[in-house]
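Survey of secondary and tertiary structure
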Amino acid sequence: MKHIENIVIGEPLVTPETLLAFNTYDWNNNEKELTEFDTERFIPKLLVKHGLMSSTSEVKRNRPDLWRTLDKIDCEEIKIGKKRLFIVIGK
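The following refers to the structure shown. (Residues numbered from 1 in each chain as written. Predicted model: local features only at pLDDT ≥ 70, side-chain atom pairs only at ≥ 80, totals over all residues. Heavy atoms only, no water.)

Concerning the packing of aromatic side chains
- Enumeration over the complete set of coordinates arrives at one aromatic pair.
- When the centroid spacing of 5.1 Å and the interplanar angle of 85° are considered together, the rings of phenylalanine 42 and tryptophan 67 count as edge-to-face. Of this pair, phenylalanine 42 sits in the loop between strand 2 (35–38) and helix 3 (43–49) while tryptophan 67 sits in the loop between helix 4 (56–62) and strand 3 (74–80), and the two are 25 residues apart along the sequence.
- Directly above the ring of tryptophan 67 sits lysine 60, whose terminal nitrogen or CZ lies 5.0 Å from the centroid. (Phe/Tyr/Trp six-rings, centres within 6.5 Å; stacked < 30°, edge-to-face > 60°. Helix = DSSP H or I, 4+ residues; strand = E, 2+ residues; numbered from the N terminus. Lys NZ or Arg CZ within 6 Å of the ring centre and 35° of its normal.)

Below is the structure:
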């Protein structure tokens, strides 16, 4: 399974590069390969799809605060165990 640290949902108002990296070099050599692009907005399905949780019921049981849909344009950080996941939500 590929290691990811960032998920971009939809089309953000600014480029993911400006939000997730220090500069173009950092984006091209580090963050780009750690970033996934998706359209799913329901957090449990998103976490299962990208291999961060084993099932949606595990999310509901262990992290009920994540049982929600990402509807507003935003940038969010979610901590799962010792890992941090940044989610950029666009249109």
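Regarding the sheet that holds strand 3
- Taken together, the four strands give an open sheet; going across it, the order is 2-1-4-3, and neighbouring strands pair in mixed fashion. The outermost strands of the open sheet, each flanked by one partner alone, are strand 2 and strand 3. Pairwise comparison of adjacent strand axes, ignoring direction, gives a mean angle of 20° for this sheet.
- Bridging between strand 3 and strand 4 (residues 83–89) involves seven bridges; their strand directions are antiparallel. Looking at the pairing, glutamate 77 lines up with phenylalanine 86 of strand 4. (Pairing = 2+ DSSP bridges. Axes fitted to C-alpha atoms, helices over the stretch in contact; angles between N-to-C directions.)

Some details on the nonpolar core
- Ranked by internal contacts, the top residues of the largest apolar core, which has 15 residues, are Ile9, Leu47 and Ile87.
- Not counting the four nearest positions on each side in its chain, isoleucine 9 is found in contact with Asp38, Thr39, Glu40, Arg41, Leu46, Leu70, Ile87, Val88, Ile89 and Gly90.
- Counting five residues, the second largest nonpolar core, distinct from the first, contains Val8, Leu20, Ala21 and Val88. (Core = buried A, V, L, I, M, F, W, Y, C linked by side-chain atoms within 4.5 Å. Buried < 20%, exposed > 50% of the residue type's maximum accessible area, 1.4 Å probe, protein only. Contact = heavy atoms within 4.5 Å.)

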